[in-house]
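The residues making up each chain are set out below.
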Amino acid sequence: MLLLGLTGSIATGKSTVSSILSAPPYSLPIIDADILARRVVEPGSAGYAKILAHFQPSTPDLLLPFPDDATYDRSKGAPLNRPALGRRVFGDSEERRRDRAVLNGIVHPAVRREMYKELLKCYLRGCWAVVLDVPLLFESSLDVLCGTVMVVAVRDPEIQMKRLMDRDSHLTREDAENRVGSQGDVREKAKRCEARGPGRGVVVWNDKGKEELKGEIERVMKEVSRASPRWWAWLLLLCPPLAGFAGLWNYWRGLVINKKWKEGELQAKAKL
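All values reported here derive from a predicted model rather than from experimental measurement.

Across the sheet, which stays open at both edges, the 5 strands sit in the order β2-β3-β1-β4-β5 with parallel pairing between neighbours. Looking at the sheet topology across the chains shown, the edges are occupied by β2 (30–32) and β5 (201–205). Here the average twist between neighbouring strands, direction ignored, is 20 degrees. Strand direction decides the pairing type here: strand β4 (residues 148–153) and β5, joined by 5 bridges, are parallel. Counterpart to V152 in the pairing with β5 is V204.

Structure representation (structure tokens):
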């Protein structure tokens, strides 16, 4: 089974690509890290309790009022005010970086556990490929698990800003810049992706409309299919030891690719 790591940056169109990949003719199962991240911090969860313990003393508006819904279980606590939490962790200041690290330390391990459970279910169903939709795929080092990484990117940074502010009209320009900056330059992610090699790293450029985007996806999926044919997925399902070996090989190769990328970055910085 191919693990197709899907990433990008905020407002580049990653969710749209995920939606297209989940529908015919691809019909790929999607494991969405954002959905899992919401699940692991729902009221009553261990993640929710940890977030309240760290952030609530200094964030008075961290919780929303209880919903006007008779079916809501108030014993678990009020819903998180996600915009307030976002303002607390997005940005380049030392304090915000520190708070973001705390939040990631709460959410990421719980998301990984849920992700591994979903991956096992997809493998047992005999899926050819499964999409790991992870905004911070490289930053969380989940790319080392993936046979192929797909980055959704835009060449023009202003397109990204416009899409974000159109989508989230409550954001100021500064808020939007902070959110974009917190996820890194998507064009750098595209370069890192392409450095993995043909079929192992593909970039979907999304500067235009939806029809052009569909054409881009068709192009890159042909490349992905050539590198990881369906017969290989069936062979891995019928021979679990081979699947285990293939997983270890992908992991080792991912570590090597990341090491070379980081060495290249250090060399580039040394020349400055």
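Inspection of helix α6 (residues 157–167) places Q160, M161 and L164 among the buried residues, and these make up the whole buried set. All buried residues of α6 project into a common sector of 95 degrees when viewed along the axis, lining one side. Every exposed residue of α6 that faces more than 90 degrees away from the buried side is listed here: K162 and D166. For α6, the secondary structure elements touched by its buried residues are α7 (173–182) and α8 (186–194).

Glancing now at unusual backbone geometry. The amide bond that connects P24 to the next residue, P25, takes the cis arrangement and shows omega of 10 degrees. Looking at the element boundaries, P25 is found in the loop between α1 (14–22) and β2. Despite not being glycine, S27 shows a phi value in the positive range, around 50 degrees. When you line up the elements, S27 lands in the loop between α1 and β2. Under the relative-accessibility criterion, S27 is labelled partly exposed at 43%. The phi dihedral of S141 is positive, around 65 degrees, even though this residue is not glycine. Structurally, S141 is set in the loop between β3 (129–133) and β4.

Definitions and limits used
Residues numbered from 1 in each chain as written. Predicted model: local features only at pLDDT ≥ 70, side-chain atom pairs only at ≥ 80, totals over all residues. Heavy atoms only, no water. Pairing = 2+ DSSP bridges. Helix = DSSP H or I, 4+ residues; strand = E, 2+ residues; numbered from the N terminus. Axes fitted to C-alpha atoms, helices over the stretch in contact; angles between N-to-C directions. Buried < 20%, exposed > 50% of the residue type's maximum accessible area, 1.4 Å probe, protein only. Arc of directions from axis to C-beta. Contact = heavy atoms within 4.5 Å.

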